[in-house]
Amino acid sequence: MHDVVIVGAGPAGVAAAYLCHRSGLSYILLEQGKTVFQGIANTYPEGKNVYPSKPKENPEPFLVEELRPPDKPVAVEKYVQYVQHFVQHENLNVKTEITFEDLREGRDHLTVQTSQGAFKGRKVILAFGSSIPRELSVYGDAKMVAKSLDDPRKYVGARTLVIGGGNTAADVIISILKAKREANDTHSVYWAHVAQKFDVNKETAQRLGEEILLGGNIRLLPGAVPRIGEVDEEGVDRLVLRINEFRQSDGIEIYHAMSFPMKNVIACIGSQGPLPIFDKIGVQTIACAEGVCTVAKEGDRLILLTSEYESTRKGVYVIGGAISPSFMKISAGSIQEEKHPNLIYTAINDAHHVVEAIKRKFS
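Just so it is clear, the model here is predicted, and its values are computed rather than measured.

Engineer: What exactly am I supposed to notice about the pairing of strand S8 (residues 117-126) here?
Structural biologist: Here is the key point about a regular strand: its side chains alternate between the two faces of the sheet. For strand S1 (residues 2-7) and S8, the ladder comprises five bridges, and the chain directions are parallel. Its bridge partner lying in S8, His-2 is registered against Gly-121. When strand S7 (residues 110-114) meets S8, the two strands line up antiparallel, connected through five bridges. By the bridge assignment for S8, Val-112 is matched with Phe-119. Here three bridges tie S8 to strand S20 (residues 316-318), and the two strands are oriented parallel to one another. Along S20, the bridge assignment pairs Val-124 with Val-316.

Structure below.
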């Protein structure tokens, strides 16, 4: 039994864990990735600078100074490395490569169900951010298809398939092309997207062009659709990619297809917000009505929270990117939209306010 179970080791989750640690609360921090700040490492482009940005209208300083990005901007890799060292130095209680599955009510506690068993806590802080990877929804997806790139060198010597049409997919391809070039590997990298057009920003396109000019072997597959996988005669899980699909009037479909070993497939197909998780665990959201919401769009569903970031499920708090760009705040008997910028600053300060609120309830 822990005082607090924290789900998600981004800025909000790490800050909450550190504050619990410093305050003497028993806690555990659960992270789906291989290390803390995995979400930032996955979603920030390589080499992008990190700034100590804060909203102009907010007078609060960074309330956990130890996790504030430096005044002189540094590349995201350096900031992530600093945080990882900080977590190690403080000996924070972190469990990685563990997936959140459900949240259940106990008699005097909450139980967080995960891929590695159950964790009980008197309070639960959901700090999993907004970058929850979408699934391909094909055979073998959960276990075999990567959502991020750990080491591009493991794709040297193999034809690799990258799925997705945006900057994240392009960044992954650039990393693999560079690793292949350094190893004198001429095997192609196939880039597939369900749409006919790939959509990357100017900077990413320029870096990709440089790799191609240096000899990068890339094959574009626009309009390619991942279909149910297969197991070949050697027992290898493979992903089938349909190309040039034709539907005849007699109901017969004709298509060209390519098949890749799942271990050589990287899916960069974007992320979804936390709404499916909120629905599953019974946390209430409210649909924006015209004239009520100024940040969110009409019809968008926003989570309902108290001023202490407690949800409609007692003892469950939600902080960080999961509630950006706005949420519905219960205040003085009324409900109003509250802006919530998706910044490292906001996430860290959320954690401070929530841990202070939990301490008050325990005292």
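Engineer: What should I look at first to understand the packing of helix H1 (residues 11-23) against helix H8 (residues 344-362) in this one?
Structural biologist: For any two helices packed against each other, the geometry comes down to the angle between their axes and how far apart the axes lie. Relative to each other, H1 and H8 sit at 35°, their axes nearing to 8 Å. The handedness of the crossing between H1 and H8 is right-handed. Contacts between H1 and H8 pair Pro-11, Ala-12, Ala-15, Ala-16, Leu-19, Cys-20 and Ser-23 from the former with Ile-344, Ala-347, Ile-348, Ala-351, His-352, Val-355 and Lys-359 from the latter. Here the contact of H1 with H8 is composed, by residue class, of eleven nonpolar, two polar and one charged.

Engineer: Whenever I open this one, the pairing of strand S11 (residues 189-193) confuses me. Can you help?
Structural biologist: Burial analysis of S11 places five of its five residues in the buried class, which makes it a mostly covered element. A two-sided burial pattern is seen for S11, the buried positions comprising Val-189, Trp-191 and His-193 on one face and Tyr-190 and Ala-192 on the other. Two elements, strand S10 (residues 160-163) and S11, share four bridges in a ladder whose sense is parallel. Each residue of the ladder has a partner; that of Leu-161, found in S11, is Tyr-190. Pairing of S11 with strand S12 (residues 218-222), which is carried by five bridges, proceeds in the parallel orientation.

Engineer: Would you mind going over the nonpolar core with me for this structure?
Structural biologist: One broad trend across soluble globular proteins is that nonpolar side chains are buried collectively. Counting 65 residues, the largest nonpolar core has Val-14, Ile-125 and Leu-126 as the members making the most contacts within it. What Ile-125 contacts, discounting residues up to four positions off in sequence, is Val-4, Val-5, Ile-6, Val-7, Ala-16, Tyr-317, Ile-319, Val-354, Val-355 and Ile-358. In terms of nonpolar packing, the next biggest core, distinct from the first, is built from 16 residues, Val-162, Val-172, Leu-208 and Ile-266 among them.

Engineer: How should helix H5 (residues 167-182) be read in this particular structure?
Structural biologist: Residues that lie three or four places apart on an α-helix share one face, since the helix turns once every 3.6 residues. In a regular helix each residue adds 1.5 Å, so 16 residues correspond to 22 Å; H5 covers 23 Å between its end C-alpha atoms and thus fits that length. What H5 keeps buried is the set Ala-169, Ala-170, Asp-171, Val-172, Ile-173, Ile-174, Ser-175, Ile-176, Leu-177, Ala-179 and Lys-180. Where H5 ends, the next residue or the one after it, Asn-184, has phi of about 55°, a positive value.

Engineer: What's the story with the sheet that holds S10 in this structure? I'm lost.
Structural biologist: Hydrogen bonds between backbone groups are what pair the strands of a sheet, and the pairing can be parallel or antiparallel. Spatially, four strands are ordered S12-S11-S10-S16 in an open sheet, and the strand pairing comes out parallel. In the strand order of this sheet, the two ends are held by S12 and strand S16 (265-267), each with one partner. Each strand of the sheet is rotated relative to its neighbour by a mean of 20°, with strand direction disregarded.

Engineer: Before we go on, may I ask you to explain the sheet that holds strand S19 (residues 301-306) in this structure?
Structural biologist: Pairing is mixed across the open sheet formed by four strands, whose spatial order is S18-S19-S21-S22. With partners counted over all chains shown, the strands left at the sheet margins are strand S18 (285-287) and strand S22 (334-339), one partner each. Ignoring which end each strand starts from, the neighbouring axes of this sheet average 40° apart. Pairing geometry for S19 and strand S21 (residues 326-331), over three bridges, is parallel. Across the sheet, Leu-305 pairs through a bridge with Lys-329, a residue of S21.

Engineer: Can you walk me through the packing of aromatic side chains in this structure?
Structural biologist: Between two aromatic rings, the relevant description is the distance of the centres plus the angle of the planes. What the rule picks out here adds up to eight aromatic pairs. Ring plane angle 65° and centroid distance 5.7 Å describe the contact between Phe-37 and Tyr-79, whose orientation is recorded as edge-to-face. Of this pair, Phe-37 sits in the loop between strand S2 (27-30) and helix H2 (38-43) while Tyr-79 sits in helix H3 (residues 76-90), and the two are 42 residues apart along the sequence. Ring geometry for Phe-62 and Tyr-345: centres 5.1 Å apart, planes at 80°, overall edge-to-face. With Phe-62 in the loop between strand S3 (49-50) and strand S4 (74-75) and Tyr-345 in helix H8, this residue pair connects regions lying 283 residues apart in the sequence. Comparing Phe-62 with Tyr-345 shows no difference in burial state: the two are buried. Among the aromatic side chains, those forming a connected cluster through ring pairs are Tyr-18, Tyr-82 and Phe-86. Above the ring of Phe-362, the side-chain terminus of Arg-122 is found at 3.9 Å from the ring centroid. Here the guanidinium or amino end of Arg-242 rests over the ring plane of Tyr-255, the centre of that ring lying 3.9 Å away.

Reading guide: rules and limits
- Residues numbered from 1 in each chain as written.
- Predicted model: local features only at pLDDT ≥ 70, side-chain atom pairs only at ≥ 80, totals over all residues.
- Heavy atoms only, no water.
- Pairing = 2+ DSSP bridges.
- Helix = DSSP H or I, 4+ residues; strand = E, 2+ residues; numbered from the N terminus.
- Axes fitted to C-alpha atoms, helices over the stretch in contact; angles between N-to-C directions.
- Left-handed = near helix turned anticlockwise from the far one by under 90°.
- Contact = heavy atoms within 4.5 Å.
- Nonpolar A, V, L, I, M, F, W, Y, C, P; charged D, E, K, R; others polar.
- Buried < 20%, exposed > 50% of the residue type's maximum accessible area, 1.4 Å probe, protein only.
- Core = buried A, V, L, I, M, F, W, Y, C linked by side-chain atoms within 4.5 Å.
- Expected span 1.5 Å × (residues − 1).
- Phe/Tyr/Trp six-rings, centres within 6.5 Å; stacked < 30°, edge-to-face > 60°.
- Lys NZ or Arg CZ within 6 Å of the ring centre and 35° of its normal.

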